[in-house]
Amino acid sequence: LPTFSIDEARFGSCRPDDGQADNSCLERAIAAAAAAGGGTVVIPTGTWDLSATQGLVLPVNVELRGGADHSSRIVRHDILRAQPRGLLTMAGHNRVSDLSFSDAEPTPSVAAARPIITLGEGPPSATPVTDIMIVNNDFARVGRSIEDSNRPLIRLWLTRNRFGGFDRDLQLTGDQFRSEEHTSELQSHHD
């Protein structure tokens, strides 16, 4: 897959370790990878600051990769003004690897805990979220690490991750709303 580094001039020349919000550069790199039909968005070594007021969606076939030894750190800001969904929402056929995630402010309560990664976007439906890989990441001092979106999951790989969430590290509730298609399928098995 082609690679798109968020520090490239065409994405806004964001720099690590400067305390400035890097959302726009990451959004542009993700959009370029999606326009190419897929690709790997590279987060170079250093600390990258993201505002949580609007989450980012990783479209199908877009990957997010950091540097070796968790040297690429993403710090989430504004958690008290954050949307309920994750900082990153994975649409399917995605991989997030080699990143370190943390919150700039401590999570004040369970009700304020927001996930770093949400599996699936949009309202709950029978359309499954497929082929998600979350590999070799560090979730330190975050409200919640990973949660699903109440959509069915097919092939979820979680390997070599370290977790340190305030509320929960992994919340997989499944398709608790059981859409019509899913319910009729279940009913036919009982008849």
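Anyway, here's the lowdown on the structure attached to this text. (Residues numbered from 1 in each chain as written. Predicted model: local features only at pLDDT ≥ 70, side-chain atom pairs only at ≥ 80, totals over all residues. Heavy atoms only, no water.)

Next up on the list: the state of the cysteines. Under the definition given, this model contains one disulfide. The side chain of cysteine 14 participates in a disulfide bridge whose partner is cysteine 25; the two sulfur atoms lie 2.0 Å from each other. Disulfide cysteine 14-cysteine 25: the torsion about the S-S bond is 85°, which places it as right-handed. With a gap of 11 residues between them, cysteine 14 in the loop between strand 1 (3-5) and helix 1 (23-35) and cysteine 25 in helix 1 connect regions that are remote in the sequence. The exposure class assigned to cysteine 14 is buried, which follows from its relative accessible area of 11%. A residue is classified by how much of its surface remains accessible, and cysteine 25, at 0% relative accessible area, is buried. (Disulfide = S-S within 2.5 Å. Helix = DSSP H or I, 4+ residues; strand = E, 2+ residues; numbered from the N terminus. Buried < 20%, exposed > 50% of the residue type's maximum accessible area, 1.4 Å probe, protein only.)

Now for the packing of aromatic side chains. A full pass over the atoms with the stated rule returns three aromatic pairs. Aromatic pair phenylalanine 4 and phenylalanine 11: ring centres 6.5 Å apart, planes at 55°, arrangement tilted. With 5.4 Å between their ring centres and 5° between their planes, phenylalanine 139 and phenylalanine 163 make a pair best called stacked. Of this pair, phenylalanine 139 sits in strand 12 (residues 138-142) while phenylalanine 163 sits in strand 15 (residues 162-165), placing them 24 residues apart in sequence. For phenylalanine 139, a relative accessible area of 0% gives the class buried. (Phe/Tyr/Trp six-rings, centres within 6.5 Å; stacked < 30°, edge-to-face > 60°.)

Our focus in this paragraph is the pattern of salt bridges. Evaluated as defined, the whole model comprises seven salt bridges. One salt bridge connects aspartate 167 with arginine 144, and the closest N-O pair in it is separated by 2.4 Å. Placement of the pair is aspartate 167 in the loop between strand 15 and strand 16 (170-171) and arginine 144 in strand 13 (residues 144-148), with a sequence separation of 23 residues. Measuring nitrogen to oxygen at the nearest pair gives 3.9 Å for the salt bridge that ties arginine 168 to aspartate 167. Connected through salt bridges with shared partners, the residues Arg144, Glu147, Asp167 and Arg168 form a single ionic network. (Salt bridge = Lys/Arg side-chain N within 4 Å of Asp/Glu carboxyl O.)

Right, let's get into the sheet that holds strand 15. Taken in spatial order, the five strands of this open sheet run 3-6-9-12-15, and their pairing is parallel. At either end of the open sheet lies a strand with only one pairing partner, and these are strand 3 (46-51) and strand 15. Across the sheet, the mean angle separating the axes of adjacent strands is 15° when strand polarity is ignored. Of the strand pairs in this sheet, strand 12 and strand 15 are connected by four bridges, and their pairing is parallel. Across the sheet, the residue bridging to aspartate 138 is arginine 162, located in strand 15. (Pairing = 2+ DSSP bridges. Axes fitted to C-alpha atoms, helices over the stretch in contact; angles between N-to-C directions.)

What follows concerns the environment of leucine 56. Along the chain, leucine 56 falls in strand 4 (residues 56-58). The spacing of leucine 56 and glycine 86 is 30 residues in sequence and 8.1 Å in space, taken between C-alpha atoms. If we ignore the near neighbours within four places in the chain, the residues touching leucine 56 are Leu26, Glu27, Ile30, Leu50, Arg85, Leu87, Leu88 and Thr89. (Contact = heavy atoms within 4.5 Å.)

Let us look at the pairing of strand 5 (residues 62-65). Burial along strand 5 is one-sided: Val62 and Leu64 are buried, while Glu63 and Arg65, pointing the other way, are not. Where strand 2 (residues 39-42) meets strand 5, four bridges bridge the pair, whose relative direction is parallel. Within strand 5, the position partnered with valine 42 by the bridge is arginine 65. Looking at chain direction, strand 5 and strand 8 (residues 94-97) are connected through three bridges and run parallel. By the bridge assignment for strand 8, glutamate 63 is matched with arginine 95.

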